[in-house]
Amino acid sequence: MSGTQDRQLSRGALVALVVGSMVGAGIFTLPAAFGRTTGVLGALIAWSIAGAGMLMLAFVFQTLSRRRPDLDAGIYAYAKAGFGSYLGFVSAFGYWIACCLADVACLILIKATLGQFFPAFGDGSTAVAIVSASVLLWSVHILVLRGVREAAALNTIATVAKMVPIAIFIAVVIAGFNADVFALNFWGDAERSLTSVANQVRNTMLVTVFVFVGIEGASVYSRYAKDRNDVGAATVLGFLGVLCLLVLVTVFSYGILLRNDLAALANPSMAGVMEAIVGPWGRIFVSIGLLISILGNYLSWSLLAAEVLHSAGESGTMPAVLARENGNGVPSVALWLSNVVIQFFVLVTWFAESAFTVAAKMTSAMTLVPYLLVAAYGFKLAWTGETYSLDGRDRHGDGLRGAIATVYAAGMLYAGGPKFLLLSALLYAPGTWLYVHARREQRQRVFSLAEMMVFGVVAAAGIVALVALASGAIVI
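Colleague: Looking at this structure, I do not really get the overall build of the protein chain. What am I missing?
Modeller: Secondary structure summary: the protein chain contains 19 helices and zero strands in total. Relative to its length of 476 residues, the protein chain is compact, with a C-alpha radius of gyration of 21 Å against a globular reference of 23 Å. Projecting the C-alpha coordinates of the protein chain onto the three principal axes gives extents of approximately 65 × 50 × 50 Å. Looking at the protein chain as a whole, 60% of its 476 residues are labelled buried. Expressed as a percentage of contacts within the protein chain between residues at least 6 apart in sequence, the contacts between residues at least 24 apart total 82%.

Colleague: I would appreciate a short explanation of the packing of helix α3 (residues 40-67) against helix α16 (residues 355-384) in the present structure.
Modeller: A packed helix pair is summarised by two numbers, namely the angle formed by the two axes and the spacing between the axes. Two elements in contact, α3 and α16, have axes whose closest approach is 10 Å; the angle formed by their N-to-C orientations is 60 degrees. The pairing of α3 with α16 is recorded here as oblique in orientation. Remark: the crossing between α3 and α16 carries left-handed chirality. Here Met54, Leu57, Val60, Phe61, Leu64 and Arg67 of α3 lie close against α16, whose contacting residues are Tyr371, Val374, Ala375, Tyr377, Gly378 and Leu381. For the contact of α3 with α16, the per-class residue count stands at ten nonpolar, one polar and one charged.

Colleague: Sorry if this is basic, but what is going on with α16 here?
Modeller: Within an α-helix, residues lying three or four positions from one another point in the same direction, as the helix has 3.6 residues per turn. Given a rise of 1.5 Å per residue, 30 residues ought to cover 44 Å, and the 44 Å separating the end C-alpha atoms of α16 matches this to within 8%. Where α16 bends most, the angle comes to about 25 degrees, and this point is leucine 368, followed within four residues by the proline proline 370. Where burial is concerned, most of α16 is hidden: 23 out of the 30 residues are buried. One or two steps after α16, the chain reaches glycine 385, where phi turns positive at roughly 85 degrees.

Colleague: Would you explain the nonpolar core in this entry?
Modeller: One recurring pattern in soluble globular proteins is that nonpolar side chains are buried together. Counting residues in hydrophobic clusters, the biggest one holds 152 residues, and the most contacted among them are Ile27, Leu30, Phe93, Trp96, Ile97, Phe212 and Met318. If you tally residues by element for this core, the top one is helix α5 (residues 85-115), at 20 residues. Among all residues touching phenylalanine 93, those that are not within four sequence positions of it are Met318, Leu427, Tyr428, Gly431 and Leu434.

Colleague: I keep staring at empty space enclosed by the protein and nothing clicks. Help me out?
Modeller: In the structure shown here, the tally under the stated rule is six cavities of 30 Å³ or more. The computed volume of the second largest cavity comes to approximately 60 Å³. Lining the second largest cavity are Phe59, Val60, Thr63, Leu64, Arg67, Gly378, Leu381, Tyr388, Asp398 and Arg401. Ranked by residue count, the leading element in the lining of the second largest cavity is α3, at five residues.

Colleague: Mind showing me how you'd approach the packing of aromatic side chains here?
Modeller: Given two aromatic rings, one states the distance between the centres and the angle between the planes to describe the pair. Inspection of the entire model under this criterion finds 21 aromatic pairs. Ring geometry for tryptophan 281 versus phenylalanine 285: centroids 6.2 Å apart, planes at 65 degrees, classification edge-to-face. Taken together, the positions of tryptophan 281 and phenylalanine 285, both in helix α14 (residues 280-315) and four residues apart, correspond to about one turn of that helix. We classify phenylalanine 285 as partly exposed; its relative accessible area is 26%. Counting every residue linked through ring pairs, the aromatic cluster contains Tyr86, Phe89, Phe93, Trp96, Tyr428, Tyr435, Phe447 and Phe455. Across the ring face of tyrosine 388, the terminal group of arginine 67 is positioned such that the distance to the ring centre comes to 3.8 Å.

Colleague: Please explain the layout of surface pockets as it appears in this structure.
Modeller: In this approach the atoms are scanned with a rolling probe the size of a water molecule, which exposes any empty space left behind. Approximately 270 Å³ is the volume attributed to the second largest pocket. As for the second largest pocket, its lining consists of 14 residues, and the residues nearest its centre are Val90, Val369, Leu421, Tyr428 and Val458.

Colleague: It is not clear to me how helix α13 (residues 269-278) should be interpreted in this structure. Could you clarify?
Modeller: Looking at α13, one finds that the buried residues are Ser269, Met270, Ala271, Gly272, Val273 and Met274. Glycine 279 sits one or two positions beyond α13 and adopts a positive phi of about 100 degrees.

Colleague: Just to check I follow, could you spell out the pattern of salt bridges for this structure?
Modeller: Two side chains bearing opposite charge may form a pair once their charged atoms approach each other closely. Enumeration according to the criterion identifies five salt bridges in this entry. Taking the shortest distance from any N to any O, the salt bridge between aspartate 394 and arginine 67 comes out at 3.2 Å. Residue aspartate 394 is located in the loop between α16 and α17 (395-416), and its partner arginine 67 is located in helix α3; the two are separated by 327 residues in the primary sequence. Judged by its relative accessible area of 42%, aspartate 394 falls in the partly exposed class. The exposure class of arginine 67 is buried, given its relative accessible area of 17%. Ionic pairing is found between arginine 401 and aspartate 398, a salt bridge with its closest N-O pair at 2.8 Å. With arginine 401 and aspartate 398 both in helix α17 and three residues apart, the pair spans about one turn of that helix. Residue aspartate 398 is classed as buried on the basis of its relative accessible area, which comes to 5%.

Colleague: Explain unusual backbone geometry here, please?
Modeller: As a rule of thumb, non-glycine residues mostly have phi less than zero, and peptide bonds are mostly trans rather than cis. Residue threonine 387 is not a glycine yet carries a positive backbone phi of 75 degrees. Note that threonine 387 resides in the loop between α16 and α17. Residues other than glycine seldom take positive phi values, yet arginine 443 does so here, at roughly 55 degrees. Here arginine 443 lies in the loop between α18 (418-441) and α19 (449-471). Note on arginine 443: relative accessible area 81%, which makes it exposed.

Cut-offs and rules
Residues numbered from 1 in each chain as written. Predicted model: local features only at pLDDT ≥ 70, side-chain atom pairs only at ≥ 80, totals over all residues. Heavy atoms only, no water. Helix = DSSP H or I, 4+ residues; strand = E, 2+ residues; numbered from the N terminus. Rg over C-alpha atoms; globule rule 2.2 N^0.38 Å. Buried < 20%, exposed > 50% of the residue type's maximum accessible area, 1.4 Å probe, protein only. Contact = heavy atoms within 4.5 Å. Axes fitted to C-alpha atoms, helices over the stretch in contact; angles between N-to-C directions. Parallel < 35°, antiparallel > 145°, perpendicular 65-115°, else oblique. Left-handed = near helix turned anticlockwise from the far one by under 90°. Nonpolar A, V, L, I, M, F, W, Y, C, P; charged D, E, K, R; others polar. Expected span 1.5 Å × (residues − 1). Bend = angle between axes of the 7 residues up to and from the residue. Core = buried A, V, L, I, M, F, W, Y, C linked by side-chain atoms within 4.5 Å. 1 Å grid on protein atoms, 1.4 Å probe; cavity = no way out; pocket = protein on both sides within 12 Å on 5 of 7 lines; lining within 4 Å. Points joined across faces, edges and corners; volume = space filled by probe spheres on them. Phe/Tyr/Trp six-rings, centres within 6.5 Å; stacked < 30°, edge-to-face > 60°. Lys NZ or Arg CZ within 6 Å of the ring centre and 35° of its normal. Salt bridge = Lys/Arg side-chain N within 4 Å of Asp/Glu carboxyl O.

Okay, here's the thing in structure tokens:
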């Protein structure tokens, strides 16, 4: 974006960016996603852990926006300031790929929704679905190149549009709530033990991360805020509002259908729950609402992906060519590269066993590394006392919140298992070429000794992932 003076965002617009980025594909798939992995008790524990961890991360974003107002590129700028150029690049690249994968998830869900009415679209990964997704991808690309990129206005409109079907769904499931069904779903397993519940929670945690992706929306666009203090407030307010929606959609669905029936629902599973209460029109209503919502969400993530690359190109974290804009003020090179990558991932979905699940979990895995680095930087600032006054009254609270957010992000990476970490490395390793190119452009040393060691670990993990894919040890 250029011309920041006429694109300043109010607190309301920033809240809409957070809510608009977070409320998208994920919320419409929650009933089945949770039904496959856990019962009521496990869901409540998972949301409690995820809610507390992500709230701490929201507080870290709030603190950093206040402590380091000079870092106006958002999520990757914090990693670069705290841990050096290469980890700054890792954060930018990981977040950019996560934006691309989030768009892929949107495209799959759009086609899976159409597949419930037109069988040729199937689960969103058939040949017809892939071709139509590609047509939509490049149609939006052409539209954005012509200058349709006012993210705040688009997000505000899309946010209002998507809230209507979600609000009606929540009202209907509350009205149709069956306490007996809810009780049967409570433990989620015939084995009513804490060990069983703990396993259910662990298997659910990566799902919760996907629906929280977008919490950093206000931070990414922080340089357009009218008041820097609004960035942190918008992050926390947007997060709390979305958390309430997520919990309501998940928990009340357990009072409509038995867990096995929830697990068997096709995506978008919210439509199946609605149909079970009010009949076929409920599925149609939710599906139309989802299509409107996801189209807006898709455009939001496309803009966000281009903004991250454009900003990284301007700062020297990635090649300078990515900072180029066309005559309409659109970061055209960044947009082209983003959409080429999205197209590649769309083609890969042809080979995936469960395309939407893979896209969602990979989005989570790629986002957690940038989240971990942001949380660690918040903790580091408090630990060293940098930017704090001599009395340091805020240091202990900020340090505690940073520590909790760091442990949470690391725990989520562990909960996701080695498969998605290895697949992430398979993307990070070749992606490092962008960093090498940028450093050579600036005639700077590519890696320090510590950074070379980090890259060595990433490259080794990428090779292991490649071998595992070729041998069938990892199946996507």
